[in-house]
Amino acid sequence: MTGRDRFSTATRLRLLGEQTAARVYRSQTKRQARRSRLTGRAALLALVLCTMIIALAYPMRQYVSQRAEIADLQRQQEQARRRVEQLRDLKARWQDDAYAEQQIRRRLHYVMPGETGYVVIDPGAAKQSRADSGAAHRPWYANVWDGVDKSDASDQ
């Protein structure tokens with residue numbers, strides 16, 4: 001009887017092991033089936049997301065560049081508005097006779113009757129005028145235009 005018990009216990013253990021192995025195999029198969037379904041769904045979702053990103057990339061780039069262009073144009077418009085205000089102020093100043101007289105006296109070195117006019121020469125300017133000694137070799141109209149350009153540059 002002891003031989004039969006051993007045999008029957010070994011048989012039971014083997015049978016139990018086979019049943020357990022079958023359960024494990026079935027659960028792994030179900031997991032793999034679930035995984036493959038999730039992987040397919042995930043792949044489809046990733047494909048849809050990539051397609052949407054690619055479809056929206058160009059319009060977003062255009063939107064951002066247009067917003068930057070709008071901001072740049074607004075900045076330029078503000079600068080132009082400030083420049084117009086400065087020019088209006090300057091025009092209003094020139095309407096005043098005292099300001100016009102002051103500018104004429106300063107720029108053209110005019111003096112009123114009875115006043116003594118003098119000009120203080122900057123040493124640096126004297127050196128610069130010596131450097132322009134080549135002006136004698138140029139045509140007279142080139143010298144005139146240089147004088148106009150220099151006086152215009154001093155105003156700014």
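Model, not experiment: these values are computed from the prediction. (Residues numbered from 1 in each chain as written. Predicted model: local features only at pLDDT ≥ 70, side-chain atom pairs only at ≥ 80, totals over all residues. Heavy atoms only, no water.)

## Some points on the overall build of the protein
Here comes step 1: If you tally the helices and strands in the protein, you get four helices and zero strands.
Here comes step 2: Every one of the 156 residues in the protein was classed for burial, and the buried ones make up 3%. (Helix = DSSP H or I, 4+ residues; strand = E, 2+ residues; numbered from the N terminus. Buried < 20%, exposed > 50% of the residue type's maximum accessible area, 1.4 Å probe, protein only.)

## Some details on the pattern of salt bridges
Here comes step 1: Within the structure shown, the criterion is met by six salt bridges.
Here comes step 2: Here E85 makes a salt bridge to R88, at a shortest N to O gap of 3.3 Å. Here E85 and its partner R88 are both found in helix 1 (residues 2–95), three residues apart, which amounts to about one turn of the helix.
Here comes step 3: According to the relative accessible area criterion, R88 is exposed, its value standing at 52%. (Salt bridge = Lys/Arg side-chain N within 4 Å of Asp/Glu carboxyl O.)

## Observations regarding a nonpolar patch on the surface
Here comes step 1: On the surface, L44, L45, L47, V48, L49 and M52 cluster together into a nonpolar patch covering about 570 Å² of accessible area.
Here comes step 2: Positionally, L49 belongs in helix 1. (Patch = residues over 30% accessible without salt bridge, like charges linked within 9 Å, V, L, I, M, F, W, Y side chains within 5 Å. Areas by Shrake-Rupley, 256 points an atom, 1.4 Å probe, with all protein chains shown as cover.)

## Looking at the packing of aromatic side chains
Here comes step 1: Applying the stated rule across the entire model yields two aromatic pairs.
Here comes step 2: Aromatic side chains W94 and Y99 sit 5.4 Å apart centroid to centroid with 85 degrees between the ring planes, which places their arrangement in the edge-to-face category.
Here comes step 3: Judged by its relative accessible area of 33%, W94 is partly exposed.
Here comes step 4: Plain terms: the ring middles of W140 and Y141 are 5.8 Å apart, the flat faces sit at 85 degrees to each other, and that makes the pair edge-to-face. (Phe/Tyr/Trp six-rings, centres within 6.5 Å; stacked < 30°, edge-to-face > 60°.)

## Regarding the confidence of the model for the protein
Here comes step 1: Considering every residue of the protein, the mean pLDDT works out to 83; 81% of them sit at 70 or more.
Here comes step 2: Mean pLDDT across the secondary structure elements of the protein bottoms out at helix 3 (residues 123–131), with 67, and peaks at helix 2 (residues 97–108), with 90. (pLDDT = per-residue confidence, 0-100.)

## Digging into helix 2
Here comes step 1: End to end, helix 2 covers 16 Å across twelve residues, agreeing with the expected 16 Å (1.5 Å per residue, within 8%).
Here comes step 2: Those residues of helix 2 that sit buried are Y99, A100 and Q103. Around the axis of helix 2, the buried residues are gathered within 100 degrees of arc, so they sit on the same side. Pointing more than 90 degrees away from the buried face of helix 2 are the exposed residues D97 and A98.
Here comes step 3: Remark: H109 follows helix 2 within two positions and exhibits a positive phi of approximately 60 degrees. (Expected span 1.5 Å × (residues − 1). Arc of directions from axis to C-beta.)

## Here we look at the side chain of Q103
Here comes step 1: Mapping Q103 onto the fold places it in helix 2.
Here comes step 2: For Q103, a relative accessible area of 6% puts it in the buried group.
Here comes step 3: Polar side-chain contacts of Q103 include one of 3.0 Å to the side chain of R106.
Here comes step 4: When sequence neighbours within four positions are dropped, the list of residues in contact with Q103 reads W94 and L108. (Polar contact = N/O pair within 3.5 Å; in protein donor to acceptor, adjacent residues only side chain to side chain. Contact = heavy atoms within 4.5 Å.)

## Re unusual backbone geometry
Here comes step 1: For H109, which is not glycine, the phi torsion reads 60 degrees and is therefore positive.
Here comes step 2: Looking at the secondary structure, you find H109 in the loop between helix 2 and helix 3.
Here comes step 3: Judged by its relative accessible area of 53%, H109 is exposed.

## A word on the environment of S151
Here comes step 1: Residue position: S151 is located in helix 4 (residues 140–155).
Here comes step 2: The spatial distance from the C-alpha of S151 to the C-alpha of R107 is 8.4 Å, given a sequence separation of 44 residues.

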